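Structural description and commentary
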Amino acid sequence: MSGFFKSSIGRKVAMALSAFFLMFFLLQHFAINMLSVFNPDLFNEISHFMGTNPLVQFALQPVLIFGVVFHFIMGFVLEIKNSKSRQVSYAKNNGSANSTWMSRNMIWSGLAILAFIILHFIDFWIPEINTKYIVGDMSGKLDPELATSGFRYYEELTHKFINPIRVAAYVIAFVLLGLHLAHGFTSAFQSMGGTVGRKKTMQIIGKAYSVIIPLGFIIIALYHHLNH
Amino acid sequence: MALDSRVPKGPIKDKWTDYKNHIDLVNPANKRHIDIIVVGTGLAGGSAAATLAELGYNVKAFAYQDSPRRAHSIAAQGGINAAKNYQGDGDSTYRLFYDTVKGGDYRSREANVYRLAEVSTNIIDQCVAQGVPFARDYGGLLDNRSFGGVLVSRTFYAKGQTGQQLLLGAYSAMNRQIARGKIEMFNRHEMLDVVKVDGKARGIIARNLVTGEIERHSAHAVVIASGGYGNVYFLSTNAMGSNVTAAWKIHKKGAYFANPCYTQIHPTCIPRSGDYQSKLTLMSESLRNDGRIWVPKNMDDVKAIREGRKQPTDLSEDERDYYLERRYPAFGNLVPRDVASRAAKERCDAGYGVNATGEAVYLDFAAAINRYGKEQAKIQNIENASDAKIYELGQAIVQAKYGNLFQMYEKIVDQNPYKTPMMIYPAVHYTMGGVWVDYNLMTTVPGLYCIGEANFSDHGANRLGASALMQGLADGYFVLPYTIGDYLSDDIRTGKIPTDTKAFDEAEKEVTDRINFFVNNKGTKSVDYFHKKLGKIMWDKCGMSRNEQGLKEAIEDISALRAEFWKEVSVPGGDKEFNEELAKAGRVADFLELGELFAKDALVREESAGGHFREEHQTEEGEAKRRKEFQYVSAWEYKGEPKDAVLHQEALVYENIEVKERSYK
Amino acid sequence: MNLTLKIWRQKDSNTKGQMVDYKVTEISEHMSFLEMMDVLNEQLVNSGEEPVAFDHDCREGICGMCSMYINGEAHGPDRGVTTCQLHMRMFKDGDTITIEPFRAAAFPVIKDLVVNRSAFDRIQHAGGYISVNTSGNTQDANATPISKHAADEAMDAATCIGCGACVASCKNSSAMLFVGAKVSQYALLPQGQVEATDRVKNMVAQMDLEGFGNCTNTGACEVECPKGISLDNIARMNRELIKATLS
């Protein structure tokens, strides 16, 4: 088995497995965020559950972080290995004749997404961790001293989307995420051998996923920006 | 030396079995002390190398290409014959034997052909076991198609790439032995001479085509499987690198060369388009299953088509001359290749050729598309189908059968063959002649074998379609591995053959002298200049029809051209490097000698037989006229200049077949 | 037509190469690309220069020997053809055409446009076969029916000519289309099942050893493949390897 993950196909499979996990995470993240548009109360409750449930916090969260880090490191390793497999490059190469821009530039869309994730961590994750585990406030309330105070999550979310520069950065990042997924979704299934005989169908589902999810996130960001 | 064909005694159907029961065998422990060299890795060489290695011999295999998988057998399109009788249409070993002898115009050795028909069924079993993806019907069983010159469906096929699939099968068998270390593969190596020790073939001199190094390789037996010499015509359907060098070198070292004038001109090739042309492309004979061949009936229409005023599709049925159907009603468009080619030449010589060069006839699929379309409409229960619908349904069937060939045609000619008839013309394709071998496939030099197209083969004066693949694999998989054991059983105590001997020194010196000559000559003309000139002489005077005067001129012309070549040839670059011009120069030098022997053989053979048509010997209807007194194999012994070659005859005796006039009417 | 050619010239594997410009005139649009190269070479030989070395043999698109990277694409701009089947009608008078060898670390240049593709052979040695001896005693060819669908699919995979256009076109120089096609051919046929597990493991291991890159599913190989070998073959190989690892 360890030999398998050292083989070229094993690495592809590892890439695909981490991608599946991240795509699933993205889906649930999207679903919860969408609630902030339709039902802020429910959004608050689920956010509180996710933020305080020990299983989510101490089991799923580390796995997620590992997944993200693994996907990135593996991506870089592959990129370096692959660039070594052609030492002299072509004087003239017409890549657009046979493949999409997205498929050839996964490393760049990936890097942009990495930058975005850092921003996203600074925006939400680090303050969360600070509030909960450094300050020690596990109440999730806007004012922890006040028993009647509502949850803080919705307020914090809308507050972040006041700044138009941040909104623009989020929109750009989501567009790049869309491009990354446009290739990545079908590619992951292809790597797992799941596309034999149904490549067309998988491509259609992949396109739908890569448009709907990022567009949804963009709508959420714009909604909160404009609604303020 | 008298020719002894070593055909075993006894009834023809028992000869091969009896022979195998009585030959000497080499015990498995001794086989690993015996080395065999195989030159060429096509169907014959590849299958022989794999099988000999499987048996336990140490095999060294040589290919001038960068991989055994690229040998020109790969280009065979249509199929492979075998007397399986899966279709239940009356096929049998005898019928395949009969068809092959008759198709070869009664100029092949009975016992060899019978053996070929006998082992043909093993080939199909073997290839299926190897994973060759032959075409199958919906019940999962193997499918067959028909080829020219026969009345049964016995041709197995893998789309239009049968040769490719069979070669990849043999290549996979080789790979298994290479992995086991039993075959040592020498890619990008060209054999430049055979080495004889005490009269026996004991090794070769080869040039590494990448580094230019000259190498010595020794063995207890040498097998030549280097293919045919069709490139003597410059333009042919052969690969650019196909050459006669290995066969010619062994001829010069004592192997007789048989029937060089028997050449197959294939009727369905894409016509020549200009002087720059480097090779001709074949359109599989299988197309004649469904295509109808015609030229216009009226000269006015011919002119109109040439000038572009009319399209072939403008001509009505009665303005067309389906000349094969007219002349040969029984076989129609499926007459053998020699007959179809000559008929095309006859029409074009009479001025009815349909392209600018006047050398093309039509191969039309409109009728087939219509027929299949109607059939499909019935199957799919479409009532009153429109013409467009019938065309669409029919086109789909034709596309499924011949799609890759139609695509190839369109890429080359830039015309859509579904809409307008294909233009075709005969081109040099296969050489029935080659190195003379006995029943054991051994040449006149002990320990030197020749298999596949390189030998003078089982096809007589004309080869039937889908029989070349059969012969190549029969020789390599099922014949040579037995017969060579009989010879090698005497060599179990010989030990390794040393290469630091006088015989190797001399052979190597001859090779290096010639290479040094080429790189130092600094002449004024390129190798291709001579090759093209030779090709033109051959095509004009030793082509589809020959006559005494033309052949005499050809001998003179080739001789003069050869003299000029040795004075004026220019080879840029050095010898110790990758130098394709140098490799080509060596090959053309050999073609220049073979070409003359070819013409001489054609001149001596005062009859018409199969692919050899002498204008002096034809019936009143213009058909080939065989002569009883030429019922022999011409085997030529090398004596210096080609004009000095000495003729030996091997009489052909037919005990199991009645020699009749070959009629396809 | 008159053309400018930019061609990679390299004396041998140890020497550095560079692009060199040449001019050819009076090229007919009916010529094949290699016939155009013949014209250039005849010109060079007649002026005492060394001709451009390039691999070619059958010139009908089946041997897989020809291997040029033309204007940034393996086998040039046409689809479903090898270099030898590419015709000059794809170009215009006055065009500049860039011609390079197939590039990959696993395909070192031998001379000019000639590369060494023996890595492909070594992958086949590792398992590209079914272990059956030529005894003449194999079972009858019709003893095991094979569905037409499976036979046709196996045939489609088997049409690979081993030219290496997939490797040349791939931004990662991956050989997975080539290896996938061979693994698929046998995986689809009952004869191939017996050794399926070892075959895929060994062939993939050899492929990695040769220094080919990792597939990232860009699909460039499928587009440039002169024989239209489908990307499905890579997916099938992935599946076969996963299966072989889990079993």
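Residues numbered from 1 in each chain as written. Chains lettered and ligands numbered in written order. Predicted model: local features only at pLDDT ≥ 70, side-chain atom pairs only at ≥ 80, totals over all residues.

**Considering the overall build of chain B**
A tally of helices and strands in chain B yields 17 helices and 19 strands. For 665 residues, the compact-globule estimate of 2.2 N^0.38 gives 26 Å, and the C-alpha radius of gyration of chain B, at 25 Å, lies within 12% of that figure. Taking contacts inside chain B between residues at least 6 apart in sequence as the whole, the part at least 24 apart equals 73%. (Helix = DSSP H or I, 4+ residues; strand = E, 2+ residues; numbered from the N terminus. Rg over C-alpha atoms; globule rule 2.2 N^0.38 Å. Contact = placed C-beta atoms within 7 Å.)

**Comments concerning the sheet that holds strand S10 (residues 257-258) of chain B**
Residue and element names in this part refer to chain B. With antiparallel pairing, the four strands of this open sheet are ordered in space as S16-S10-S18-S19. Edge positions in the open sheet fall to strand S16 (434-435) and strand S19 (646-651), since each of these has one partner strand only. Both S10 and strand S18 (residues 632-637) contribute to a ladder of two bridges, which runs antiparallel. Along S18, the bridge assignment pairs alanine 258 with alanine 635. Sheet strands touched by helix H17 (residues 580-604): S10, S18 and S19. Its angle to S18, the strand with the most contacts, is close to 145 degrees. (Pairing = 2+ DSSP bridges. Axes fitted to C-alpha atoms, helices over the stretch in contact; angles between N-to-C directions.)

**Concerning the domain arrangement of chain B**
Residues and elements named next belong to chain B. Assigned domains of chain B: these are domain 1 (267-427) and domain 2 (517-638). Domain 1 and domain 2 are separated by 32 Å when their C-alpha centres are compared. Counting residues at the interface gives six residues for domain 1, matched by six residues for domain 2. Per-element accounting of the side of domain 1 that touches domain 2 gives the leading share, five residues, to helix H10 (residues 337-349). (Domains from an automatic or database assignment.)

**Some thoughts on the interface of chain B and chain C**
Of the residues lining the interface, 66 residues belong to chain B; the matching set on chain C comes to 69 residues. Looking at the side of chain B that touches chain C, the elements with two or more residues in it are helix H3 (43-55), helix H5 (110-130), helix H6 (162-179), helix H12 (387-413), helix H13 (468-488) and H17 of chain B. Of the residues in the side of chain B that touches chain C, the class split is 24 nonpolar, 26 polar and 16 charged. (Nonpolar A, V, L, I, M, F, W, Y, C, P; charged D, E, K, R; others polar.)

**Side note on the sheet that holds strand S7 (residues 200-208) of chain B**
Residues and elements named next belong to chain B. Strands sit in the order S6-S7-S8 across an open sheet of three strands; the sheet is antiparallel. Each edge of the open sheet is held by one strand with a lone partner, namely strand S6 (189-197) and strand S8 (214-218). Between one strand axis and the next, the sheet turns by 25 degrees as a mean value, whatever way the strands run. Running over the sheet, helix H14 (residues 502-521) touches S6, S7 and S8 and is turned about 140 degrees from S6.

**Focus: the domain arrangement of chain C**
Residues and elements named next belong to chain C. Examined at the domain level, chain C breaks down into domain 1 (3-111) and domain 2 (118-246). The distance between the C-alpha centroids of domain 1 and domain 2 comes to 29 Å. On the domain 2 side, the residues contacting the 18 residues of domain 1 number 16 residues.

**Digging into the pairing of strand S9 (residues 221-224) of chain B**
All names here are of chain B. Side chains Ala221 and Val223 of S9 all project onto a buried face; the interleaved residues Val222 and Ile224 project onto the opposite face, where all are buried too. Bridge analysis of strand S1 (residues 35-39) against S9 gives four bridges, and the strand direction is parallel. Pairing of valine 38 across the sheet is with valine 223, part of S9. Two elements, S9 and strand S17 (residues 448-450), share three bridges in a ladder whose sense is parallel. The partner of valine 223 across the bridge, within S17, is tyrosine 449. (Buried ≥ 20, exposed ≤ 12 C-beta atoms within 10 Å, placed from the backbone.)

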